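Residues per chain are reported as follows:
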Amino acid sequence: MITAMDRTFLLIGAALGFLGVVFGAFGAHALRSRLSPEMLAVFETAVRYQMYHAFAVLIVAAGVGHIGTARLLVMAGWFFLAGVLLFSGSLYALALTGVGTLGIVTPIGGLLFIIGWACLGLFALVR
(Lines give C-alpha, C1' and ligand atoms only; values in the text may rest on other atoms or scores of the structure.)
Protein backbone atom coordinates (compact mmCIF):
# COMPACT_ATOMS: atom_id res chain seq x y z
CA MET A 1 0.00 0.00 0.00
CA ILE A 2 1.34 3.42 -0.96
CA THR A 3 1.45 5.95 1.88
CA ALA A 4 1.34 9.72 1.56
CA MET A 5 5.07 10.07 2.26
CA ASP A 6 6.34 7.51 -0.24
CA ARG A 7 3.85 8.87 -2.79
CA THR A 8 5.24 12.36 -2.16
CA PHE A 9 8.84 11.27 -2.73
CA LEU A 10 7.85 9.13 -5.71
CA LEU A 11 6.16 12.17 -7.30
CA ILE A 12 9.09 14.45 -6.47
CA GLY A 13 11.60 11.95 -7.90
CA ALA A 14 9.51 11.46 -11.02
CA ALA A 15 9.13 15.22 -11.50
CA LEU A 16 12.86 15.81 -11.04
CA GLY A 17 13.67 13.04 -13.52
CA PHE A 18 11.09 14.26 -16.04
CA LEU A 19 12.36 17.84 -15.82
CA GLY A 20 15.97 16.65 -15.95
CA VAL A 21 15.32 14.94 -19.28
CA VAL A 22 13.41 17.98 -20.59
CA PHE A 23 16.16 20.37 -19.49
CA GLY A 24 18.85 18.08 -20.89
CA ALA A 25 17.14 17.98 -24.27
CA PHE A 26 16.58 21.74 -24.14
CA GLY A 27 20.26 22.29 -23.41
CA ALA A 28 21.42 19.91 -26.13
CA HIS A 29 19.13 21.26 -28.83
CA ALA A 30 17.96 24.80 -28.07
CA LEU A 31 20.89 26.17 -26.06
CA ARG A 32 23.87 24.67 -27.87
CA SER A 33 24.04 27.57 -30.33
CA ARG A 34 23.00 30.22 -27.79
CA LEU A 35 25.35 29.61 -24.86
CA SER A 36 29.12 29.72 -24.66
CA PRO A 37 30.78 26.33 -24.18
CA GLU A 38 31.49 27.28 -20.55
CA MET A 39 27.87 28.19 -19.79
CA LEU A 40 26.62 25.10 -21.61
CA ALA A 41 28.89 23.01 -19.37
CA VAL A 42 27.39 24.77 -16.32
CA PHE A 43 23.89 23.96 -17.58
CA GLU A 44 24.86 20.32 -18.20
CA THR A 45 26.28 20.06 -14.67
CA ALA A 46 22.95 21.28 -13.31
CA VAL A 47 21.10 18.63 -15.33
CA ARG A 48 23.50 15.88 -14.28
CA TYR A 49 23.19 16.61 -10.55
CA GLN A 50 19.42 16.98 -10.85
CA MET A 51 19.23 13.52 -12.42
CA TYR A 52 21.52 11.97 -9.79
CA HIS A 53 19.30 13.32 -7.07
CA ALA A 54 16.07 12.39 -8.84
CA PHE A 55 17.27 8.81 -8.42
CA ALA A 56 18.26 9.52 -4.80
CA VAL A 57 14.73 10.77 -4.07
CA LEU A 58 13.33 7.63 -5.72
CA ILE A 59 15.56 5.55 -3.43
CA VAL A 60 14.06 7.43 -0.48
CA ALA A 61 10.55 6.74 -1.82
CA ALA A 62 11.36 3.04 -2.10
CA GLY A 63 12.84 3.01 1.39
CA VAL A 64 9.82 4.72 2.90
CA GLY A 65 7.54 2.32 1.02
CA HIS A 66 9.46 -0.71 2.23
CA ILE A 67 10.52 0.30 5.74
CA GLY A 68 8.10 3.06 6.67
CA THR A 69 8.51 6.69 7.51
CA ALA A 70 11.83 7.01 9.32
CA ARG A 71 13.06 10.46 10.31
CA LEU A 72 16.53 10.23 8.75
CA LEU A 73 15.14 8.75 5.55
CA VAL A 74 12.55 11.50 5.19
CA MET A 75 15.13 14.16 6.04
CA ALA A 76 17.40 12.78 3.30
CA GLY A 77 14.61 13.15 0.75
CA TRP A 78 13.91 16.76 1.69
CA PHE A 79 17.63 17.63 1.71
CA PHE A 80 17.99 16.11 -1.77
CA LEU A 81 15.08 18.19 -3.05
CA ALA A 82 16.39 21.38 -1.46
CA GLY A 83 19.82 20.63 -2.89
CA VAL A 84 18.40 20.30 -6.40
CA LEU A 85 16.51 23.56 -6.04
CA LEU A 86 19.55 25.49 -4.82
CA PHE A 87 22.42 23.72 -6.62
CA SER A 88 20.88 22.94 -9.98
CA GLY A 89 18.53 25.92 -9.85
CA SER A 90 21.37 28.38 -9.30
CA LEU A 91 23.43 26.78 -12.08
CA TYR A 92 20.47 26.93 -14.49
CA ALA A 93 20.00 30.60 -13.63
CA LEU A 94 23.73 31.30 -13.97
CA ALA A 95 23.96 29.59 -17.36
CA LEU A 96 20.86 31.31 -18.74
CA THR A 97 21.51 34.81 -17.39
CA GLY A 98 25.29 34.98 -17.05
CA VAL A 99 24.86 36.71 -13.67
CA GLY A 100 27.86 35.39 -11.75
CA THR A 101 26.54 36.29 -8.30
CA LEU A 102 23.92 33.54 -8.69
CA GLY A 103 26.75 31.06 -8.23
CA ILE A 104 26.97 32.10 -4.56
CA VAL A 105 23.98 29.85 -3.82
CA THR A 106 25.45 26.78 -5.53
CA PRO A 107 27.70 25.62 -2.66
CA ILE A 108 24.75 25.76 -0.26
CA GLY A 109 22.90 23.35 -2.55
CA GLY A 110 25.98 21.14 -2.65
CA LEU A 111 26.10 21.12 1.14
CA LEU A 112 22.45 20.09 1.22
CA PHE A 113 23.27 17.18 -1.10
CA ILE A 114 26.05 16.12 1.27
CA ILE A 115 23.73 16.34 4.28
CA GLY A 116 21.11 14.30 2.41
CA TRP A 117 23.62 11.55 1.64
CA ALA A 118 24.84 11.63 5.26
CA CYS A 119 21.25 11.22 6.49
CA LEU A 120 20.76 8.27 4.13
CA GLY A 121 23.99 6.68 5.31
CA LEU A 122 23.17 7.23 8.98
CA PHE A 123 19.75 5.74 8.40
CA ALA A 124 21.41 2.63 6.98
CA LEU A 125 23.70 2.40 10.01
CA VAL A 126 21.06 2.83 12.70
CA ARG A 127 18.31 0.83 11.00
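No experiment lies behind these values; they were computed from the predicted model shown.

Describe the pattern of salt bridges, with residues and values.
Here the structure, examined in full by the defined rule, presents one salt bridge. Arg 32 is the partner of Glu 44 in a salt bridge, and the nearest nitrogen-oxygen pair spans 3.7 Å. Of this pair, Glu 44 sits in helix H2 (residues 37-67) while Arg 32 sits in the loop between helix H1 (4-31) and H2, and the two are twelve residues apart along the sequence. Here Arg 32 falls in the partly exposed class, since its relative accessible area comes to 47%.

Summarise the nonpolar core; cite the residues concerned and give the values.
In this structure, Phe 9, Leu 16, Val 60, Leu 73 and Phe 80 are the most contacted members of the largest nonpolar core, which totals 32 residues. Put simply, the parts of the chain that give this core at least two residues each are H1, H2, helix H3 (71-97) and helix H4 (106-126). Dropping the residues within four chain positions of it, Phe 9 is found in contact with Val 57, Leu 58, Val 60, Ala 61, Val 74, Gly 77 and Trp 78.

Give a detailed account of the side chain of Ser 90, specifying residues and quantitative values.
Assignment of secondary structure puts Ser 90 in helix H3. Filtering out sequence-adjacent residues up to four positions away, Ser 90 remains in contact with Leu 85, Leu 102, Val 105 and Thr 106.

Thresholds applied
Residues numbered from 1 in each chain as written. Predicted model: local features only at pLDDT ≥ 70, side-chain atom pairs only at ≥ 80, totals over all residues. Heavy atoms only, no water. Salt bridge = Lys/Arg side-chain N within 4 Å of Asp/Glu carboxyl O. Helix = DSSP H or I, 4+ residues; strand = E, 2+ residues; numbered from the N terminus. Buried < 20%, exposed > 50% of the residue type's maximum accessible area, 1.4 Å probe, protein only. Core = buried A, V, L, I, M, F, W, Y, C linked by side-chain atoms within 4.5 Å. Contact = heavy atoms within 4.5 Å.

The values reported here are purely geometric and, on their own, carry no functional implication.
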